[in-house]
Amino acid sequence: MKKLLITGAKGQVGQELTQQANFHSFKPIPLSRADLDISDYDQVDQTVNDIKPDIIINAAAFTNVDLAETKQEQALACNKEGPDNLAVTAAKLNIPLFHISTDFIFDGEKNTPYIEDDDPNPLSFYGESKLLGEEAVWTVWDKHIILRVSWVFGQYGHNFFSGVADWAKNKKELQIVSDQVGGPTPANAVAETLLVLAAKSIEQNNSFYWGTYHYSGLPAVSRFEYTQFIVSELKKMGVENLANLVPVPASHYPMPAQRPAYSALDSGLLERNFGIKAPDWQEGARELIKIK
Ligand SMILES: NC(=O)c1ccc[n+]([C@@H]2O[C@H](COP(=O)([O-])OP(=O)(O)OC[C@H]3O[C@@H](n4cnc5c(N)ncnc54)[C@H](OP(=O)(O)O)[C@@H]3O)[C@@H](O)[C@H]2O)c1
(Lines give C-alpha, C1' and ligand atoms only; values in the text may rest on other atoms or scores of the structure.)
Protein backbone atom coordinates (compact mmCIF):
# COMPACT_ATOMS: atom_id res chain seq x y z
CA MET A 1 0.00 0.00 0.00
CA LYS A 2 1.18 3.53 -0.76
CA LYS A 3 1.93 5.69 2.28
CA LEU A 4 -0.17 8.83 2.62
CA LEU A 5 1.02 11.47 5.06
CA ILE A 6 -1.90 13.62 6.29
CA THR A 7 -1.13 16.87 8.11
CA GLY A 8 -3.77 18.60 10.25
CA ALA A 9 -5.21 15.14 10.81
CA LYS A 10 -7.48 16.21 13.69
CA GLY A 11 -9.35 18.75 11.52
CA GLN A 12 -12.65 18.29 9.69
CA VAL A 13 -11.06 17.19 6.42
CA GLY A 14 -8.04 15.55 8.09
CA GLN A 15 -10.26 13.12 9.99
CA GLU A 16 -12.27 12.24 6.90
CA LEU A 17 -9.05 11.63 4.96
CA THR A 18 -7.76 9.35 7.70
CA GLN A 19 -11.02 7.34 7.73
CA GLN A 20 -11.32 6.98 3.98
CA ALA A 21 -7.68 6.44 2.98
CA ASN A 22 -7.87 2.63 3.15
CA PHE A 23 -10.77 2.52 0.71
CA HIS A 24 -8.50 4.16 -1.83
CA SER A 25 -5.64 1.74 -1.13
CA PHE A 26 -3.57 4.19 0.90
CA LYS A 27 -2.01 3.52 4.28
CA PRO A 28 -2.78 6.72 6.19
CA ILE A 29 -0.17 8.31 8.40
CA PRO A 30 -2.28 10.92 10.19
CA LEU A 31 -0.30 13.64 11.96
CA SER A 32 -2.06 16.15 14.16
CA ARG A 33 -0.57 19.53 15.00
CA ALA A 34 0.97 17.96 18.13
CA ASP A 35 2.73 15.38 15.93
CA LEU A 36 3.86 17.81 13.24
CA ASP A 37 3.72 21.60 13.28
CA ILE A 38 3.92 22.45 9.59
CA SER A 39 5.16 25.97 10.32
CA ASP A 40 8.47 24.50 11.58
CA TYR A 41 10.71 23.70 8.60
CA ASP A 42 13.09 21.44 10.50
CA GLN A 43 10.21 19.37 11.89
CA VAL A 44 8.67 19.05 8.44
CA ASP A 45 11.95 18.07 6.83
CA GLN A 46 12.81 15.54 9.54
CA THR A 47 9.34 13.96 9.65
CA VAL A 48 8.93 13.64 5.90
CA ASN A 49 12.44 12.22 5.58
CA ASP A 50 11.72 9.67 8.32
CA ILE A 51 8.35 8.58 6.94
CA LYS A 52 9.15 8.83 3.23
CA PRO A 53 5.49 8.96 2.19
CA ASP A 54 4.36 8.41 -1.41
CA ILE A 55 1.95 11.34 -1.20
CA ILE A 56 1.40 14.26 1.19
CA ILE A 57 -2.00 15.83 1.75
CA ASN A 58 -1.90 19.07 3.69
CA ALA A 59 -5.17 19.43 5.60
CA ALA A 60 -3.62 21.72 8.23
CA ALA A 61 -4.62 25.36 8.33
CA PHE A 62 -5.32 28.29 10.60
CA THR A 63 -9.05 28.40 9.79
CA ASN A 64 -10.44 30.92 12.27
CA VAL A 65 -11.24 33.64 9.75
CA ASP A 66 -11.97 36.39 12.28
CA LEU A 67 -9.07 35.58 14.60
CA ALA A 68 -6.68 35.69 11.64
CA GLU A 69 -7.24 39.47 11.47
CA THR A 70 -5.50 39.92 14.81
CA LYS A 71 -3.29 36.81 14.91
CA GLN A 72 -1.69 37.56 11.57
CA GLU A 73 1.69 36.05 12.41
CA GLN A 74 0.11 32.76 13.47
CA ALA A 75 -2.11 32.69 10.39
CA LEU A 76 0.89 33.30 8.13
CA ALA A 77 3.01 30.70 9.91
CA CYS A 78 0.45 27.98 9.23
CA ASN A 79 -1.19 29.11 5.98
CA LYS A 80 1.88 30.44 4.14
CA GLU A 81 5.05 29.07 5.79
CA GLY A 82 3.44 25.65 6.34
CA PRO A 83 2.67 24.92 2.67
CA ASP A 84 6.02 26.46 1.73
CA ASN A 85 7.87 24.09 4.09
CA LEU A 86 5.93 21.11 2.79
CA ALA A 87 6.49 22.08 -0.85
CA VAL A 88 10.25 22.56 -0.40
CA THR A 89 10.59 19.19 1.33
CA ALA A 90 8.25 17.43 -1.11
CA ALA A 91 10.20 18.81 -4.07
CA LYS A 92 13.51 17.66 -2.60
CA LEU A 93 12.19 14.11 -2.21
CA ASN A 94 10.00 14.07 -5.36
CA ILE A 95 6.76 13.52 -3.40
CA PRO A 96 3.49 14.89 -4.84
CA LEU A 97 1.82 17.49 -2.61
CA PHE A 98 -1.93 17.96 -2.33
CA HIS A 99 -2.97 21.20 -0.70
CA ILE A 100 -6.37 22.69 0.18
CA SER A 101 -7.29 26.32 -0.37
CA THR A 102 -10.36 28.46 -0.16
CA ASP A 103 -13.05 30.53 -1.91
CA PHE A 104 -12.04 33.40 0.43
CA ILE A 105 -9.14 34.27 -1.90
CA PHE A 106 -11.80 35.96 -4.10
CA ASP A 107 -13.46 39.31 -3.44
CA GLY A 108 -17.00 38.22 -4.30
CA GLU A 109 -17.58 40.92 -6.92
CA LYS A 110 -18.67 38.32 -9.50
CA ASN A 111 -22.15 36.86 -9.64
CA THR A 112 -21.32 33.66 -11.52
CA PRO A 113 -19.15 30.84 -10.14
CA TYR A 114 -15.43 31.61 -9.98
CA ILE A 115 -13.13 29.68 -12.32
CA GLU A 116 -9.50 28.85 -11.62
CA ASP A 117 -8.23 31.68 -13.86
CA ASP A 118 -10.22 34.42 -12.13
CA ASP A 119 -8.02 36.95 -10.38
CA PRO A 120 -7.80 36.50 -6.63
CA ASN A 121 -8.34 39.52 -4.43
CA PRO A 122 -8.83 38.45 -0.80
CA LEU A 123 -10.90 40.68 1.49
CA SER A 124 -9.62 39.13 4.72
CA PHE A 125 -6.22 38.34 6.19
CA TYR A 126 -7.20 34.65 6.26
CA GLY A 127 -7.83 34.82 2.49
CA GLU A 128 -4.54 36.67 2.00
CA SER A 129 -2.59 34.09 4.01
CA LYS A 130 -4.18 31.20 2.09
CA LEU A 131 -3.35 32.87 -1.22
CA LEU A 132 0.28 33.25 -0.13
CA GLY A 133 0.25 29.54 0.73
CA GLU A 134 -0.99 28.68 -2.76
CA GLU A 135 1.73 30.85 -4.29
CA ALA A 136 4.36 29.12 -2.17
CA VAL A 137 3.20 25.72 -3.42
CA TRP A 138 2.98 26.58 -7.09
CA THR A 139 6.30 28.41 -7.24
CA VAL A 140 8.26 25.69 -5.44
CA TRP A 141 6.93 22.36 -6.70
CA ASP A 142 5.23 21.37 -9.97
CA LYS A 143 3.79 18.09 -8.73
CA HIS A 144 0.98 19.68 -6.77
CA ILE A 145 -2.77 19.83 -6.61
CA ILE A 146 -4.33 22.85 -4.98
CA LEU A 147 -7.99 22.12 -4.35
CA ARG A 148 -9.95 25.27 -3.55
CA VAL A 149 -13.07 24.40 -1.59
CA SER A 150 -15.81 26.45 0.06
CA TRP A 151 -18.05 26.46 3.14
CA VAL A 152 -16.86 23.04 4.40
CA PHE A 153 -19.15 21.17 6.75
CA GLY A 154 -19.07 17.69 8.22
CA GLN A 155 -19.40 15.51 11.27
CA TYR A 156 -16.15 16.66 12.88
CA GLY A 157 -15.36 19.99 14.44
CA HIS A 158 -17.31 23.20 14.46
CA ASN A 159 -18.71 24.71 11.29
CA PHE A 160 -21.62 26.87 10.13
CA PHE A 161 -23.80 23.77 9.67
CA SER A 162 -23.26 22.42 13.19
CA GLY A 163 -23.66 25.90 14.69
CA VAL A 164 -26.94 26.54 12.93
CA ALA A 165 -28.31 23.09 13.76
CA ASP A 166 -27.58 23.71 17.47
CA TRP A 167 -28.91 27.26 17.54
CA ALA A 168 -32.07 26.27 15.65
CA LYS A 169 -32.85 23.74 18.37
CA ASN A 170 -32.02 26.05 21.28
CA LYS A 171 -33.13 29.54 20.26
CA LYS A 172 -36.45 31.19 19.48
CA GLU A 173 -35.20 33.30 16.62
CA LEU A 174 -32.16 33.14 14.33
CA GLN A 175 -31.03 36.11 12.28
CA ILE A 176 -29.07 34.80 9.31
CA VAL A 177 -27.15 36.67 6.64
CA SER A 178 -28.97 36.57 3.30
CA ASP A 179 -26.51 38.50 1.11
CA GLN A 180 -23.58 36.07 1.14
CA VAL A 181 -23.80 33.28 -1.42
CA GLY A 182 -21.55 30.24 -1.70
CA GLY A 183 -21.39 26.50 -2.18
CA PRO A 184 -21.55 24.43 1.01
CA THR A 185 -19.21 21.46 0.56
CA PRO A 186 -19.23 18.25 2.59
CA ALA A 187 -15.88 17.47 4.24
CA ASN A 188 -16.22 13.78 3.35
CA ALA A 189 -16.61 14.68 -0.32
CA VAL A 190 -13.53 16.92 -0.16
CA ALA A 191 -11.55 14.03 1.33
CA GLU A 192 -12.85 11.56 -1.25
CA THR A 193 -11.97 13.88 -4.11
CA LEU A 194 -8.43 14.36 -2.79
CA LEU A 195 -7.98 10.61 -2.41
CA VAL A 196 -9.34 9.87 -5.90
CA LEU A 197 -6.95 12.48 -7.31
CA ALA A 198 -4.06 11.09 -5.28
CA ALA A 199 -4.74 7.57 -6.58
CA LYS A 200 -5.01 8.84 -10.16
CA SER A 201 -1.75 10.75 -9.82
CA ILE A 202 0.02 7.50 -9.00
CA GLU A 203 -1.69 5.56 -11.83
CA GLN A 204 -1.22 8.26 -14.46
CA ASN A 205 2.18 9.47 -13.25
CA ASN A 206 3.57 11.60 -16.10
CA SER A 207 0.27 12.31 -17.85
CA PHE A 208 -1.49 13.55 -14.70
CA TYR A 209 -2.94 17.07 -14.86
CA TRP A 210 -1.31 18.80 -11.89
CA GLY A 211 -2.49 22.27 -10.94
CA THR A 212 -5.25 24.25 -9.26
CA TYR A 213 -8.87 23.11 -9.20
CA HIS A 214 -12.16 24.27 -7.75
CA TYR A 215 -14.52 21.99 -5.85
CA SER A 216 -17.69 23.47 -4.44
CA GLY A 217 -21.09 22.03 -3.55
CA LEU A 218 -24.21 22.64 -5.65
CA PRO A 219 -26.57 24.43 -5.67
CA ALA A 220 -25.02 27.74 -4.59
CA VAL A 221 -27.15 29.30 -1.86
CA SER A 222 -27.19 32.22 0.53
CA ARG A 223 -26.40 31.51 4.16
CA PHE A 224 -30.09 32.13 4.84
CA GLU A 225 -31.22 29.55 2.25
CA TYR A 226 -28.63 27.11 3.60
CA THR A 227 -30.09 27.55 7.09
CA GLN A 228 -33.66 27.19 5.80
CA PHE A 229 -32.69 23.84 4.29
CA ILE A 230 -31.10 22.58 7.51
CA VAL A 231 -34.10 23.64 9.57
CA SER A 232 -36.59 22.07 7.16
CA GLU A 233 -34.66 18.79 7.27
CA LEU A 234 -34.61 18.89 11.08
CA LYS A 235 -38.39 19.39 10.98
CA LYS A 236 -38.78 16.37 8.70
CA MET A 237 -36.81 14.37 11.28
CA GLY A 238 -39.46 15.30 13.85
CA VAL A 239 -37.48 17.97 15.73
CA GLU A 240 -39.97 20.43 17.26
CA ASN A 241 -39.85 24.05 18.48
CA LEU A 242 -37.22 25.13 15.99
CA ALA A 243 -36.16 28.76 15.81
CA ASN A 244 -37.91 31.23 13.57
CA LEU A 245 -35.54 32.37 10.78
CA VAL A 246 -35.08 36.03 9.95
CA PRO A 247 -32.98 37.16 6.94
CA VAL A 248 -30.56 40.03 7.64
CA PRO A 249 -27.85 41.76 5.58
CA ALA A 250 -24.20 41.04 6.48
CA SER A 251 -23.90 44.70 7.51
CA HIS A 252 -26.22 43.80 10.43
CA TYR A 253 -23.41 41.67 11.92
CA PRO A 254 -20.10 43.50 11.63
CA MET A 255 -17.34 40.90 11.93
CA PRO A 256 -13.57 41.43 12.22
CA ALA A 257 -13.03 39.79 8.81
CA GLN A 258 -14.93 40.75 5.70
CA ARG A 259 -16.42 37.83 3.71
CA PRO A 260 -17.05 37.80 -0.04
CA ALA A 261 -20.70 38.44 -0.98
CA TYR A 262 -20.47 35.75 -3.65
CA SER A 263 -17.94 32.93 -3.63
CA ALA A 264 -19.42 29.92 -5.40
CA LEU A 265 -16.70 28.02 -7.28
CA ASP A 266 -17.08 26.45 -10.71
CA SER A 267 -15.96 22.80 -10.48
CA GLY A 268 -16.10 22.28 -14.27
CA LEU A 269 -12.36 21.87 -14.81
CA LEU A 270 -12.18 19.06 -12.26
CA GLU A 271 -15.01 17.30 -14.10
CA ARG A 272 -13.44 17.80 -17.54
CA ASN A 273 -9.97 16.60 -16.49
CA PHE A 274 -10.90 13.85 -14.03
CA GLY A 275 -14.64 13.14 -14.33
CA ILE A 276 -15.21 14.33 -10.74
CA LYS A 277 -18.50 16.16 -10.37
CA ALA A 278 -19.33 18.90 -7.87
CA PRO A 279 -21.07 17.34 -4.84
CA ASP A 280 -24.75 17.75 -4.08
CA TRP A 281 -24.42 19.37 -0.65
CA GLN A 282 -28.09 18.82 0.20
CA GLU A 283 -27.55 15.07 0.04
CA GLY A 284 -24.52 15.45 2.32
CA ALA A 285 -26.50 17.61 4.73
CA ARG A 286 -29.35 15.07 4.89
CA GLU A 287 -26.90 12.27 5.71
CA LEU A 288 -25.25 14.38 8.39
CA ILE A 289 -28.56 15.28 10.03
CA LYS A 290 -29.40 11.57 10.26
CA ILE A 291 -26.17 10.65 12.04
CA LYS A 292 -26.01 13.70 14.32
N1 LIG B 1 -13.78 25.07 7.04
C2 LIG B 1 -14.14 25.71 5.94
O3 LIG B 1 -15.28 26.20 5.81
C4 LIG B 1 -13.18 25.83 4.79
C5 LIG B 1 -13.60 26.55 3.66
C6 LIG B 1 -12.71 26.66 2.59
C7 LIG B 1 -11.44 26.08 2.67
N8 LIG B 1 -11.07 25.41 3.80
C9 LIG B 1 -9.73 24.83 3.84
O10 LIG B 1 -9.86 23.43 3.98
C11 LIG B 1 -8.74 22.90 4.69
C12 LIG B 1 -9.22 22.01 5.83
O13 LIG B 1 -10.03 22.81 6.69
P14 LIG B 1 -10.83 22.21 7.91
O15 LIG B 1 -12.18 22.78 7.86
O16 LIG B 1 -10.63 20.72 7.97
O17 LIG B 1 -10.02 22.91 9.09
P18 LIG B 1 -9.98 22.58 10.65
O19 LIG B 1 -11.08 21.67 11.02
O20 LIG B 1 -9.82 23.89 11.33
O21 LIG B 1 -8.62 21.74 10.75
C22 LIG B 1 -7.38 22.33 10.59
C23 LIG B 1 -6.40 21.53 11.42
O24 LIG B 1 -5.09 22.10 11.22
C25 LIG B 1 -4.44 22.08 12.47
N26 LIG B 1 -3.35 23.05 12.51
C27 LIG B 1 -3.41 24.39 12.77
N28 LIG B 1 -2.18 24.92 12.75
C29 LIG B 1 -1.32 23.90 12.47
C30 LIG B 1 0.08 23.81 12.31
N31 LIG B 1 0.87 24.89 12.42
N32 LIG B 1 0.63 22.60 12.01
C33 LIG B 1 -0.16 21.51 11.89
N34 LIG B 1 -1.49 21.52 12.05
C35 LIG B 1 -2.06 22.71 12.31
C36 LIG B 1 -5.51 22.40 13.47
O37 LIG B 1 -5.12 21.98 14.74
P38 LIG B 1 -5.63 22.79 16.05
O39 LIG B 1 -7.11 22.53 16.10
O40 LIG B 1 -4.85 22.17 17.14
O41 LIG B 1 -5.32 24.23 15.80
C42 LIG B 1 -6.69 21.59 12.92
O43 LIG B 1 -6.72 20.28 13.44
C44 LIG B 1 -7.93 24.12 5.13
O45 LIG B 1 -6.88 24.32 4.22
C46 LIG B 1 -8.91 25.28 5.03
O47 LIG B 1 -8.26 26.49 4.78
C48 LIG B 1 -11.92 25.26 4.86
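Residues numbered from 1 in each chain as written. Predicted model: local features only at pLDDT ≥ 70, side-chain atom pairs only at ≥ 80, totals over all residues. Heavy atoms only, no water.

Peer 1: Help me understand the overall build of the protein chain, please; the structure alone is not making it clear to me.
Peer 2: Each helix and strand counted, the protein chain has 10 helices and 12 strands in total. Compactness check: the protein chain gives a C-alpha radius of gyration of 19 Å against a globular reference of 19 Å for 292 residues, within 12% of the reference. For the protein chain, the C-alpha atoms occupy an extent of roughly 55 × 40 × 35 Å along the three principal directions. Relative to its 292 residues, the protein chain shows a buried fraction of 53%. Sequence-distant contacts, at least 24 apart, represent 82% of the contacts inside the protein chain between residues at least 6 apart. Summed over all atoms, the accessible surface of the protein chain reaches about 13,300 Å², with 48% contributed by carbon and sulfur. Of note, the protein chain has its 26 positive side-chain charges centred 6 Å away from the centre of its 37 negative side-chain charges. (Helix = DSSP H or I, 4+ residues; strand = E, 2+ residues; numbered from the N terminus. Rg over C-alpha atoms; globule rule 2.2 N^0.38 Å. Buried < 20%, exposed > 50% of the residue type's maximum accessible area, 1.4 Å probe, protein only. Contact = heavy atoms within 4.5 Å. Areas by Shrake-Rupley, 256 points an atom, 1.4 Å probe, with all protein chains shown as cover. Lys, Arg positive; Asp, Glu negative; His and termini not counted. Charge placed at Lys NZ, Arg CZ, Asp CG, Glu CD.)

Peer 1: Looking at this model, I keep getting lost on the layout of surface pockets. Mind explaining?
Peer 2: Once rolled over the atoms, a probe with the size of a water molecule shows which space is left empty. In this structure, the second largest pocket encloses a volume near 250 Å³. Along the wall of the second largest pocket there are 14 residues; nearest its centre are Asn188, Ala189, Glu192, Tyr215 and Pro279. Those elements that place two or more of their residues in the lining of the second largest pocket are helix H7 (187–204) and helix H10 (281–291). With 5 residues, H7 is the largest single contributor of residues to the lining of the second largest pocket. Taken together, the residues of the lining of the second largest pocket break down into 6 nonpolar, 3 polar and 5 charged. (1 Å grid on protein atoms, 1.4 Å probe; cavity = no way out; pocket = protein on both sides within 12 Å on 5 of 7 lines; lining within 4 Å. Points joined across faces, edges and corners; volume = space filled by probe spheres on them. Nonpolar A, V, L, I, M, F, W, Y, C, P; charged D, E, K, R; others polar.)

Peer 1: Could you clarify how one ought to interpret the site of the ligand in this entry?
Peer 2: The environment of the ligand is made up of 23 residues, and the closest members are Arg33, Asp37, Thr63, Tyr126 and Lys130. For the ligand, an oxygen atom lies 3.3 Å from a polar atom in the backbone of glycine 11. In the model, an oxygen atom of the ligand is placed 2.9 Å from a nitrogen or oxygen of the glutamine 12 side chain. When the ligand sits alone it has 900 Å² of accessible area, and the protein chains cover 80% of it. Only helix H1 (12–20), strand E4 (97–102) and helix H5 (125–140) provide two or more residues apiece to the shell around the ligand. Element by element, the count of residues in the shell around the ligand is highest for E4, at 3 residues. Grouping the amino acids of the shell around the ligand by side-chain chemistry returns 12 nonpolar, 6 polar and 5 charged. (Near = heavy atom within 4 Å. Polar contact = N/O pair within 3.5 Å; in protein donor to acceptor, adjacent residues only side chain to side chain.)

Peer 1: What am I meant to see in the packing of aromatic side chains here?
Peer 2: A ring pair, where both rings are aromatic, is described by two values, the distance of the centres and the angle of the planes. This model, assessed by the stated rule, comprises 13 aromatic pairs. Here phenylalanine 229 and tryptophan 281 contribute two aromatic rings whose centre-to-centre distance is 5.1 Å and whose plane-to-plane angle is 75°, an arrangement assigned as edge-to-face. Taken as a pair, phenylalanine 229 in helix H8 (residues 223–236) and tryptophan 281 in helix H10 lie far apart in primary sequence, 52 residues in all. We classify phenylalanine 229 as buried; its relative accessible area is 11%. Looking at tryptophan 281, the relative accessible area reads 0%, which means it is buried. A network of ring pairs unites the aromatic residues Trp151, Phe153, Phe160, Phe161, Tyr226, Phe229 and Trp281 as a single cluster. Across from the ring centre of tyrosine 114, 5.2 Å away, lies the NZ or CZ of lysine 110, which sits over that ring. The ring of phenylalanine 160 has arginine 223 sitting right over it, with the charged end atom 5.1 Å from the ring centre. (Phe/Tyr/Trp six-rings, centres within 6.5 Å; stacked < 30°, edge-to-face > 60°. Lys NZ or Arg CZ within 6 Å of the ring centre and 35° of its normal.)

Peer 1: Would you take a moment to explain the nonpolar core for this structure?
Peer 2: Grouped burial of nonpolar side chains is what soluble globular proteins tend to show. Grouped together as the largest cluster of nonpolar side chains are 49 residues, with contacts concentrated most on Ile56, Leu97, Phe161, Tyr226 and Ile230. At the level of secondary structure, the elements contributing two or more residues to this core comprise strand E2 (26–31), helix H2 (41–51), helix H4 (72–93), H5, helix H6 (160–170), strand E7 (173–177), H8 and H10. In terms of residue count, the dominant contributor to this core is H8 (6 residues). Here tyrosine 226 is in contact with Trp151, Phe153, Phe160, Phe161, Pro184, Val221 and Trp281, once residues within four sequence places are set aside. Counting residues in hydrophobic clusters, the runner-up holds 29 residues, among them Phe26, Ala59, Phe98 and Val149. (Core = buried A, V, L, I, M, F, W, Y, C linked by side-chain atoms within 4.5 Å.)

Peer 1: Would you mind showing me how to read the environment of tryptophan 210 here?
Peer 2: Considering the arrangement of structural elements, one finds tryptophan 210 in the loop between H7 and strand E10 (211–215). Using a relative accessible area of 23% as the deciding quantity, one classes tryptophan 210 as partly exposed. Residues tryptophan 210 and aspartate 118, spaced 92 residues apart in sequence, show a C-alpha to C-alpha distance of 18 Å. Those residues in contact with tryptophan 210 that lie beyond four places of it in its chain are Pro96, Phe98, Asp142, Lys143, His144, Ile145, Ser201 and Asn205.

Peer 1: In this structure, what is going on with H7? I would like to understand it.
Peer 2: Residues spaced three or four apart along an α-helix face the same direction, because each turn holds 3.6 residues. Taking 1.5 Å per residue, 18 residues should reach 26 Å; H7 reaches 25 Å between its end C-alpha atoms and fits that length. Within the sequence span of H7, burial applies to Ala187, Ala189, Val190, Ala191, Thr193, Leu194, Leu195, Leu197, Ala198 and Ser201. Where H7 terminates, the next one or two residues include asparagine 205, which has phi positive at roughly 40°. (Expected span 1.5 Å × (residues − 1).)

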